[in-house]
Amino acid sequence: MIDESIVRMYLKAGEIAKRVREEALSKAKPGMKLLDLAIFIENRIRELGGEPAFPVNLSVNHIAAHYTPVLDDKQILSDNDVLKIDIGVHVNGYIADTAATKSFNPAYEPLLEASRTALEKALEIIKPGIRANEVGKVIEETIKSFGYRPIKNLTGHSLDQYVIHSGYIIPNYHDRLVRWKFQEGAYAIEPFATTGVGIVKEGNIATIFSLKKVRGRLSDIEKRIIDDIWKSRRMLPFCERWLTKYSRSIEGVRNILKSLAKKKILHVYPILVERANGLVSQFEHTVLITGKEVIVTTL
Ligand code: MN
Ligand code: MN
């Protein structure tokens, strides 16, 4: 059962995520540094009374997901970029996960429209009792009707307190094996459309991390970092930009992360790249199903 105080926290997270998403969409312009956009987004989340549920993902063109700007990021948005802005907000661990795509070249508008419309159509049919793969079918058919492919190995997901991927997946195609039915709970629905083959692979950089089980010998600074992260966000993801108070230099922060990764204390999330280097668009909303109603918290 989702009680009313929990519903209120989901709604608050949703309100903040939606507002910051819209602000970020109007702020993103050619010539802007990706890093400045990330800092703006995460500051706004905190100003509005939330916490980032994960570092904002600003994935450009053929990068589908999992890129967040690094401390010395130099990347500048160009007028030919397809930018995915994927924002997570949590209030006491209750998460809103939402994304939108921005492009400055009207030629890419149909690619954006494909995933935007797929999300709309998916949301129209979600209610208790509907199967996850029926939602996937609608997403696949919609994206294909625009002449693009859905990304098959990226999925929507159930959400739980302090957990972004809590076990149930919502496929972006008619996956016959995914037969579970929607019931009370929170779910992120996120169609990806691409001009490529519709599969992502891991790239060779990683900018996002989360804690795993703590084991082995740790230095004092490592203990402090792990303690701070665990207390404030448990296993929710983080990035190097949030760790500057632990070291005076960027190199220092990176060395701490390297050491923690080597001790197998960190999950490392590599960027996800479209296999044929196709352009990728994504839209995402969070849906809350209570005993009484279906609410899109980020709409
Ligand atoms: Mn997301
Ligand atoms: Mn998501």
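Description of the structure in this document.

Scoring rules and cut-offs
- Residues numbered from 1 in each chain as written.
- Chains lettered and ligands numbered in written order.
- Predicted model: local features only at pLDDT ≥ 70, side-chain atom pairs only at ≥ 80, totals over all residues.
- Heavy atoms only, no water.
- Donors = N, O, S within 2.8 Å, 3.2 Å for Na, K, Ca; no water.
- Buried < 20%, exposed > 50% of the residue type's maximum accessible area, 1.4 Å probe, protein only.
- Helix = DSSP H or I, 4+ residues; strand = E, 2+ residues; numbered from the N terminus.
- Pairing = 2+ DSSP bridges.
- Axes fitted to C-alpha atoms, helices over the stretch in contact; angles between N-to-C directions.
- Contact = heavy atoms within 4.5 Å.

## Considerations on the coordination of the manganese ion (ligand 1)
Around a metal, the idealised angle for a tetrahedral arrangement of four donor atoms is 109.5 degrees; for an octahedral arrangement of six donor atoms it is 90 or 180 degrees. Coordination of the manganese ion (ligand 1) by the protein comes from D86 (OD), D86 (OD), D97 (OD) and E284 (OE), over a distance range of 2.1 to 2.4 Å. For the manganese ion (ligand 1), the donor residues sit on a single chain with the sequence spacing D-x10-D-x186-E. Classification of D97 as buried rests on a relative accessible area of 2%. Its relative accessible area of 0% is what places E284 among the buried residues.

## Details of unusual backbone geometry
Even without a glycine there, the phi angle at K264 is positive, about 60°. Residue K264 is classed as partly exposed on the basis of its relative accessible area of 49%. One non-glycine residue with positive phi stands out, namely N277, at about 60°. Looking at where N277 falls in the secondary structure, it is placed in the loop between β11 (266-274) and β12 (280-282).

## Focus: the coordination of the manganese ion (ligand 2)
Coordination of the manganese ion (ligand 2) by the protein comes from D97 (OD), H157 (NE2), E190 (OE) and E284 (OE), over a distance range of 2.1 to 2.2 Å. In the primary structure, the donors to the manganese ion (ligand 2) are separated according to the pattern D-x59-H-x32-E-x93-E.

## As for the sheet that holds strand β3 (residues 82-91)
In spatial order, the strands read β1-β3-β4; together these three strands make up an open sheet with antiparallel pairing. Of all strands in the sheet, those bounded by a partner on one side alone are β1 (51-60) and β4 (94-103). Neighbour to neighbour, the strand axes of the sheet diverge by 10° on average, direction disregarded. As paired elements, β3 and β4 share 10 bridges and run antiparallel to each other. From the neighbouring strand, I85 faces β4, where its bridge partner is A100. Relative to β1, helix α2 (residues 34-47) is tilted by about 155°, and along the sheet it contacts β1 and β3.

## Quick word on the sheet that holds strand β5 (residues 149-150)
Reading across the sheet, the three strands line up as β5-β9-β12 and stay open at both edges, with antiparallel pairing between neighbours. Each edge of the sheet is formed by a strand with only one pairing partner; in this case those strands are β5 and β12. In this sheet, strand β9 (residues 192-194) lies alongside β5 in antiparallel orientation, the contact comprising two bridges. Along β9, the bridge assignment pairs R149 with T194.

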